[in-house]
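Spelled out from the first residue to the last, the chains are:
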Amino acid sequence: MAFLMSMLSNQVKNLGLGGGGDESKEESTPSDPAAAAGMTREEYEEYQKQMVEEKMERDAAFAQKKAERAVLRVHLREKYRLPKSELDENQIQMAGDDVGLPEDLQKMVAEDQEEEEDKDSILGQLQNIQNMDMDAIKEKAQATFSEMKQAAEQKCSMM
């Protein structure tokens, strides 16, 4: 019951039929935002300039981070031969096209490239040969040789 009474009284106040206490509160608040913040007009303007500059710096840093992420995605797409994304290219262009991978990622990419180059080189292939099971290769070769010999004996009755 008390809940209904409070709802009704709030609705009546909102309609303007309630007491005149709300009007005195509106008149006491200053219309000047500088006065409301407790500053002079010059201090308030300087504060506003600082706020705008800080926001611009944050926005620029955010755009730079977005562009770095886009560069990383482009790099991964190139590496794995995936389709390109226009959104990433647009983010890179908006940041000024001089965006590179962060240092940590550059080190990781360089290490990956070195590993791939090692695998592609002759020495890398020789190391892969050393890792192979020579006994299994010998058994397979002998089995293939014996199959060929049997096939030849079947075709040629003279032997």
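Let me sum up the structure you'll find in this document. The residue numbering used here restarts from 1 in each chain and proceeds along that chain's sequence as written. Residues qualify for local features only when their pLDDT is at least 70, as the model is predicted, and side-chain atom pairs are given and counted only at 80 or more; totals for whole chains, interfaces and linings, by contrast, use all residues. Side-chain calculation: all heavy atoms of the structure are included, whereas hydrogens and water are not.

### Considerations on the overall build of the protein
Regarding its fold elements, the protein presents eight helices and zero strands. Listing each helix as α and each strand as β along the protein from the N terminus yields α-α-α-α-α-α-α-α. Expressed as a percentage of its 159 residues, the buried residues of the protein come to 9%. A sequence separation of at least 24 residues applies to 43% of the contacts in the protein between residues at least 6 apart. The accessible surface values rely on the Shrake-Rupley method and a 1.4 Å probe; as for residues, cover is taken only from the protein chains in view. A total of about 14,200 Å² of accessible surface is found on the protein, and carbon and sulfur atoms cover 55% of it. Secondary structure follows DSSP: runs of H or I at least 4 residues long count as helices, runs of E at least 2 residues long count as strands, and numbering of each begins at the N terminus. Burial classification: accessible surface area is computed with a 1.4 Å probe over protein chains only, and a residue below 20% of its type maximum counts as buried, one above 50% as exposed, and the rest as partly exposed. Residues count as neighbours in contact if any of their non-hydrogen atoms are within 4.5 Å of one another.

### A word on the pattern of salt bridges
Put simply, a salt bridge is a Lys or Arg side-chain nitrogen that is within 4 Å of an Asp or Glu carboxyl oxygen. Under the defined criterion, the tally for this structure stands at four salt bridges. R77 is paired through a salt bridge with D88; the nearest N and O atoms lie 2.3 Å apart. With R77 in helix α4 (residues 41–79) and D88 in helix α5 (residues 86–94), the pair connects residues that are eleven residues apart, well separated along the chain. By relative accessible area, which is 2% here, D88 ends up buried. One salt bridge in this structure joins D112 and K79, with 3.5 Å as the shortest N-O distance.

### A word on the packing of α4 against α5
Axes, fitted as lines to C-alpha atoms, cover a helix only where it is in contact. Angles between the N-to-C directions of the axes lie from 0 to 180 degrees. For the pair α4 and α5, the least separation of the axes is 8 Å and the interaxial angle reads 135°. Compared by their axis directions, α4 and α5 come out oblique. The element α4 and its partner α5 pack so that their crossing is left-handed. Taken together, the residues of α5 that come into contact with α4 (itself represented by K66, A67, A70, V71, R73, V74 and R77) are D88, Q91 and I92. Amino acids are sorted into nonpolar (Ala, Val, Leu, Ile, Met, Phe, Trp, Tyr, Cys and Pro), charged (Asp, Glu, Lys and Arg) and polar (every other residue, Gly among them). Residues that form the contact of α4 with α5 fall into these classes: five nonpolar, one polar and four charged. Comment on the angle field: the value is read as roughly parallel under 35 degrees, roughly antiparallel over 145, roughly perpendicular from 65 to 115, and oblique elsewhere. Handedness of a crossing follows from how the near helix is turned relative to the far one, being left-handed for an anticlockwise turn of less than a right angle and right-handed for a clockwise one.

### What to know about a nonpolar patch on the surface
On the surface, L76, Y80 and L82 cluster together to form a nonpolar patch covering roughly 310 Å² of accessible area. Looking at where L82 falls in the secondary structure, it is placed in the loop between α4 and α5. Given a relative accessible area of 48%, L82 falls into the partly exposed group. Patch members must show over 30% relative accessible area and no salt bridge, and they are joined within 9 Å when carrying like charges or within 5 Å when they are nonpolar side chains of Val, Leu, Ile, Met, Phe, Trp or Tyr.

### Things to note about the layout of surface pockets
Quantified by volume, the largest pocket comes out at close to 170 Å³. Computed over the protein atoms alone on a 1 Å grid, cavities are sets of points where a 1.4 Å probe fits but cannot get out and pockets are open sets with protein on both sides within 12 Å along at least five of seven lines; a residue lines them when it has an atom within 4 Å of a point. The wall of the largest pocket is formed by L72, H75, L76, K79, L105, M108, V109, D112, Q113 and E116. When contributions to the lining of the largest pocket are tallied by element, the ones reaching two or more residues are α4 and α6 (103–120). In terms of residue count, α6 provides more of the lining of the largest pocket than any other element does, six residues in total. In terms of residue class, the lining of the largest pocket is built from five nonpolar, two polar and three charged. Grid points are joined across faces, edges and corners, and a volume is the space filled by probe spheres set on the points.

### A short note on a negative patch on the surface
A surface patch of like charges, here negative, comprises E111, E114, E115, E117 and D118. Residue placement: E115 occurs in helix α6. Look at E115 and you get partly exposed, because its relative accessible area is 47%. Charge assignment in this entry is limited to Lys and Arg as positive and Asp and Glu as negative, and neither His nor the chain termini are counted. Charge coordinates come from a single atom per side chain, which is NZ of Lys, CZ of Arg, CG of Asp or CD of Glu.

### A short note on the side chain of D88
In this structure the side chain of D88 is engaged in a polar contact, spanning 2.3 Å, whose partner is the side chain of R77. When residues no more than four places from it in sequence are discounted, the contact partners of D88 are A70, R73, V74 and R77. Here a polar contact means two N or O atoms within 3.5 Å. Within protein one must be a hydrogen donor candidate and the other an acceptor candidate, and residues neighboring in sequence count only if both atoms are side-chain atoms.

From the geometry alone we can't say anything about function, so treat these as descriptive.
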